[in-house]
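Given next are the chains, with one letter for each unit.
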Amino acid sequence: MSAHARALKFLQHIVRNLPAEDQLGYVLSRIAAEVDTAVLIFDGKGELIGSIGGAPTELIWESVDTGLAESQTRVGRWVVRARPLGPNREGYSLVFATRVADDIDAPKEIIE
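Residues numbered from 1 in each chain as written. Predicted model: local features only at pLDDT ≥ 70, side-chain atom pairs only at ≥ 80, totals over all residues. Heavy atoms only, no water.

Here we come to the nonpolar core. Soluble globular proteins: nonpolar side chains tend toward being buried together. Ranked by internal contacts, the top residues of the largest apolar core, which has 13 residues, are Leu40, Ala55, Ile60, Val80, Val95 and Ala97. Not counting chain neighbours up to four residues away, the residues in contact with Val95 comprise Ala38, Val39, Leu40, Phe42, Ile60, Val64, Val80, Arg81 and Ala82. Membership of the second largest hydrophobic core comes to 9 residues, among which are Leu28, Ala32, Val39 and Ile41. (Core = buried A, V, L, I, M, F, W, Y, C linked by side-chain atoms within 4.5 Å. Buried < 20%, exposed > 50% of the residue type's maximum accessible area, 1.4 Å probe, protein only. Contact = heavy atoms within 4.5 Å.)

For the rest of this paragraph, the subject is the sheet that holds strand E3 (residues 71-75). Ordered by their spatial adjacency, 5 strands build an open sheet running E2-E1-E5-E4-E3, and the pairing between neighbours is antiparallel. At either margin of the open sheet sits one strand with a lone partner, and together these are strand E2 (48-52) and E3. In this sheet, neighbouring strand axes are inclined to one another by 20° on average, regardless of whether the strands run parallel or antiparallel. With 6 bridges connecting them, strand E1 (residues 38-43) and strand E5 (residues 92-99) associate as antiparallel partners. Each bridged residue has a counterpart across the sheet, and for Ile41 the counterpart in E5 is Leu94. Running over the sheet, helix H2 (residues 23-35) touches E1, E2 and E5 and is turned about 45° from E2. (Pairing = 2+ DSSP bridges. Helix = DSSP H or I, 4+ residues; strand = E, 2+ residues; numbered from the N terminus. Axes fitted to C-alpha atoms, helices over the stretch in contact; angles between N-to-C directions.)

Tallied over the entire structure, the rule returns 2 salt bridges. Note that Arg81 and Glu70 form a salt bridge whose closest N and O atoms lie 2.5 Å from each other. Remark: Glu70 occurs in the loop between helix H3 (57-63) and E3 and Arg81 occurs in strand E4 (residues 78-85); sequence separation between them is 11 residues. Residue Arg81 is classed as partly exposed on the basis of its relative accessible area, which comes to 43%. Across the pair Glu70 and Arg83 runs a salt bridge, and its minimum N-O distance is 3.5 Å. In this pair, Glu70 sits in the loop between H3 and E3 while Arg83 sits in strand E4, placing the two residues 13 residues apart along the sequence. Via salt bridges that share partners, Glu70, Arg81 and Arg83 belong to a single interconnected network. (Salt bridge = Lys/Arg side-chain N within 4 Å of Asp/Glu carboxyl O.)

Attention now moves to the environment of Arg30. Structurally, Arg30 is set in helix H2. Given a relative accessible area of 27%, Arg30 falls into the partly exposed group. A C-alpha to C-alpha distance of 9.5 Å links Arg30 and His13, two positions 17 residues apart in sequence. Filtering out sequence-adjacent residues up to four positions away, Arg30 remains in contact with Phe10, His13 and Ile14.

Sequence separation between Arg81 and Ala97 is 16 residues, and the spatial gap between their C-alpha atoms is 6.4 Å. If we skip the residues at most four places from it in the chain, Arg81 touches Glu70, Ser71, Gln72, Leu94, Val95 and Phe96.

Structure below.
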């Protein structure tokens, strides 16, 4: 199945199952489950609108570069990827964050 077909199927599932209450929470939880990351949405002032997952929200917001079309950074053990949302890609930031494993699986020769 192509990426477009998977995306369409995903959106159709969300639309068919969207609850009357906590719609944002439902959508964020489905996205988080699909990509296996924490998902956060901030408004333009840095206020957290919604989140799923245990990511450190304040530290992550401080690292988000809202001036870029898309940014990626690290916050402690978290890899963070952000992109603007809204009309003209302004007003909100969609953030994905995943925790890096404690042990890095790399040959000893490379690390030392």
